Amino acid sequence: MATAKPLYQRLSKNITAYPPEEAREMAFMLLDHYFGLRKTDVLTDKPLPPNRTEPDWFKILERLNRQEPIQHVIGTTIFCGLEFEVSPDVLIPRPETEDLVRLIMHDFSDRNDDVPIVDIGTGSGCIAITLARFLPQSVVTGWDVSDKALTLARHNAQNLNADVTFEIKDILRVQTDFSGKFDCVVSNPPYVTRSEAVDMNRNVLAYEPDLALFVEDNDPLVFYKAVADFCVRHLTKDGACYVEINERFGDDTRQVFADRGFTNIQVYKDIHGKDRSIRATF
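It should be emphasised that the depicted structure is a prediction, and the values quoted were computed from it without experimental measurement. Residues take numbers from 1 onward in each chain, read along the sequence in its written order. At least 70 in pLDDT is required for a residue's local features to be given in this predicted model, at least 80 for side-chain atom pairs to be given and counted, and no such filter applies to totals for whole chains, interfaces and linings, which use all residues. To obtain the side-chain values, all non-hydrogen atoms of the structure were used and water was disregarded.

Quick notes on the pairing of strand 3 (residues 115-120)
Argument step 1. Across the six residues that make up strand 3, a large majority, five, are buried.
Argument step 2. DSSP-based pairing: two strands are paired if at least 2 bridges between them are found. Only runs of H or I of at least four residues qualify as helices and only runs of E of at least two qualify as strands under DSSP, and these elements are numbered from the N terminus. In terms of strand pairing, strand 3 meets strand 4 (residues 138-144) through six bridges, oriented parallel. Opposite Ile117, over in strand 4, you have Val140 as the bridge partner.
Argument step 3. A crossover gets the label right-handed when its path from the first strand over the helix to the second runs clockwise, viewed with the strands pointing away from the viewer. With helix 7 (residues 126-134) bridging strand 3 and its parallel neighbour strand 4, the resulting β-α-β unit is right-handed.
Argument step 4. Two elements, strand 3 and strand 6 (residues 182-187), share four bridges in a ladder whose sense is parallel. Bridge pairing links Ile117 to Cys184 in strand 6. Type-normalised accessible area, obtained with a 1.4 Å probe on protein chains alone, sets the label of each residue: buried when under 20%, exposed when over 50%, and partly exposed for intermediate values.

Overview of the environment of Gly142
Argument step 1. Mapped onto the secondary structure, Gly142 falls in strand 4.
Argument step 2. Judged by relative accessible area, which is 0%, Gly142 ranks as buried.
Argument step 3. We call two residues contacting when some pair of their heavy atoms lies within 4.5 Å. When near neighbours in sequence (up to four residues on either side) are disregarded, Gly142 contacts Asp119, Thr122, Leu150, Val164, Thr165, Phe166 and Glu167.

Some remarks on the domain arrangement of the chain
Argument step 1. When cut into domains, the chain gives domain 1 (4-66) and domain 2 (89-281).
Argument step 2. Taking the mean C-alpha position of each, domain 1 and domain 2 sit 34 Å from one another. Domain delimitation follows an automatic or database domain assignment.

Description of the UniProt feature "domain: Methyltransferase small" (unreviewed entry) in the chain
Argument step 1. UniProt positions are given in the numbering used here, feature names are shortened, and annotations may be inferred rather than shown by experiment. Using the residue numbers shown here, the UniProt feature "domain: Methyltransferase small" (unreviewed entry) corresponds to residues 103-196.
Argument step 2. This span, residues 103-196, is 30% helix and 28% strand, and a straight line between its end C-alpha atoms measures 28 Å.

Remarks on the packing of helix 2 (residues 20-35) against helix 4 (residues 57-65)
Argument step 1. Only the contacting stretch of a helix is used when fitting its axis, a line to C-alpha atoms as for every element, and angles between N-to-C directions run 0 to 180 degrees. As a packed pair, helix 2 and helix 4 sit with axes 13 Å apart at the nearest point and diverge in direction by 140°. The angle between helix 2 and helix 4 places the two elements in the oblique class. Judged by the twist between their axes, the crossing of helix 2 over helix 4 is right-handed. Of the residues in helix 4, those touching helix 2 at Met26, Leu30, Tyr34 and Phe35 are Trp57, Ile60 and Leu64.
Argument step 2. Under the scheme applied, nonpolar residues are Ala, Val, Leu, Ile, Met, Phe, Trp, Tyr, Cys and Pro; charged residues are Asp, Glu, Lys and Arg; polar residues are all the others, including Gly. When the residues that make up the contact of helix 2 with helix 4 are grouped by side-chain class, the tally is seven nonpolar, no polar and no charged. Roughly parallel means an angle under 35 degrees; roughly antiparallel, over 145; roughly perpendicular, 65 to 115; everything else is oblique. Handedness of a crossing follows from how the near helix is turned relative to the far one, being left-handed for an anticlockwise turn of less than a right angle and right-handed for a clockwise one.

With respect to unusual backbone geometry
Argument step 1. A positive phi angle is found at Gln67, which is not glycine, with a value near 65°.
Argument step 2. Within the secondary structure, Gln67 sits in the loop between helix 4 and helix 5 (70-74).
Argument step 3. The partly exposed category is assigned to Gln67, whose relative accessible area is 24%.

Re the environment of Cys80
Argument step 1. Considering the arrangement of structural elements, one finds Cys80 in the loop between strand 1 (76-79) and strand 2 (82-85).
Argument step 2. Looking at Cys80, the relative accessible area reads 14%, which means it is buried.
Argument step 3. Distance in space between the C-alpha atoms of Cys80 and Pro93 is 9.8 Å, their sequence separation being 13 residues.

Points about helix 8 (residues 147-159)
Argument step 1. Each helix should span, by expectation, one fewer than its residue count multiplied by 1.5 Å. Taking 1.5 Å per residue, 13 residues should reach 18 Å; helix 8 reaches 18 Å between its end C-alpha atoms and fits that length.
Argument step 2. Among all positions of helix 8, only Ala149, Leu150, Leu152, Ala153, Asn156 and Ala157 are buried. Taken end-on, helix 8 shows its buried residues confined to a sector of 160°, consistent with a single buried face. Within helix 8, the exposed residues directed more than 90 degrees away from the buried face are Asp147, Lys148, Thr151 and Gln158.
Argument step 3. Those residues of helix 8 that are buried are in contact with strand 2, helix 7, strand 4 and strand 5 (164-168).
Argument step 4. Throughout this description, a polar contact denotes any pair of N or O atoms lying within 3.5 Å of each other; where both atoms belong to protein, one of them has to be capable of donating a hydrogen while the other can accept it, and for residues adjacent in sequence the pair is counted only when both atoms sit in side chains. The N-terminus of helix 8 is capped by Ser146, whose side-chain oxygen sits 3.3 Å from the backbone nitrogen of Lys148.
Argument step 5. Phi turns positive, to about 55°, at Asn161, one or two residues after helix 8. Relevant arc is that of directions from the helix axis to the C-beta atoms, nothing else.

Here's the deal with the UniProt feature "domain: Release factor glutamine methyltransferase N-terminal" (unreviewed entry) in the chain
Argument step 1. Residues given the UniProt feature "domain: Release factor glutamine methyltransferase N-terminal" (unreviewed entry) here are residues 20-75.
Argument step 2. Secondary structure across residues 20-75 divides into 62% helix and 0% strand, with the first and last C-alpha atoms of the span separated by 23 Å.

Comments concerning the nonpolar core
If you look at soluble globular proteins, the nonpolar side chains tend to sit buried side by side.
Argument step 1. Note on terminology: a nonpolar core comprises buried Ala, Val, Leu, Ile, Met, Phe, Trp, Tyr and Cys residues joined through side-chain atoms within 4.5 Å. Core analysis: the biggest nonpolar cluster contains 33 residues, and Val185, Phe230, Phe257 and Phe262 have the highest contact counts within it.
Argument step 2. Counting only elements with at least two residues in this core, the list comes to strand 3, strand 6, strand 8 (214-215), helix 11 (222-234), strand 9 (235-244), helix 12 (250-259) and strand 11 (275-281).
Argument step 3. Per-element accounting of this core gives the leading share, seven residues, to helix 11.
Argument step 4. Sequence-distant contacts of Val185, that is, excluding residues within four places in its chain, are made with Val118, Ile120, Val227, Phe230, Cys231, Leu235, Ala240, Cys241 and Tyr242.
Argument step 5. Judged by nonpolar contacts, the second largest core, of 31 residues, contains Cys80, Leu150, Leu160 and Val164.

Below is the structure:
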C-alpha cells in the first residue's frame, strides 16, 4: 500500500530551485492539494487515497524548478482560511494583507448597521470577498482596472458565496461626478518601485502582473495620493481608510494622509518589524 511519507520525501528532494525548508513546505502543499493530506497525515505516513488520480509529478516539478509560483501550479491559495483561485493576471495574496483585513474586521465588528466598503485594486478579490464573508453587515464593492482580474474576482466570489459588486474603475481617473460614500476605503495598490526589481525573486518578476506590482521611481506614492484624495470626497465622517504600504515609505505615506487633513494616522508593522500598513481617519 502506497503511503504519504515516501512520496513527500521524493517530491521535496526533487524541488531543487528552492532551499530545502521551502521545498519541504511545497511538498506538503502538493499532497494537501492533490490528495487532501494534512501535514500530520504525511508525518504519520498515512496511506495515499486508494482511488486517487495521480497528477503528472514530472511536469509539476518542472514548473516549480522554473520558479513558477506553487500557487499558479496548483491554481489556488489560502487567504484568511478561504481558498482563492489565482492566475498570472492577479497578485498572489500575501499574509501581510491578511493582517490588514483582520484590522478592518476588528474595527467594524461591533457595527449593527450597513458598512459600505470599497476595495480599490481588488485583484483576486481576496480583501473584498473576505470582508463580505466575515463582516455580515458589510456592503462591499471591488474596483480594478483589469478586466481579467475582475473576471477572476467574480469567479472567486461565486465559489465562496460572497456578495460583492465588482466594477472596472481606475482610481487615478475616478469620475468627478461619482457620488458614492463609504465607511471603509481599503487598498493594496502597486507600491514596488522599478529600481527595487533587481532585488526581487524570479517567481515574482516572471509570473505576477507588472500592473499590480510596480510604480515609477519618480512618483512612488501616486496611488496613495489618489486614494487619499478620493477619501477626502467619499469617506464618511466617521469612516476609515486602510492601505498596505512599501516599508521604505512609511513616513512619507503617513504625510500624504496628513497633508489631506487626516488627523489620526497609525502605521502598523508586519511580523518582521517593517512598516506595512496605515489606518487613517479624519
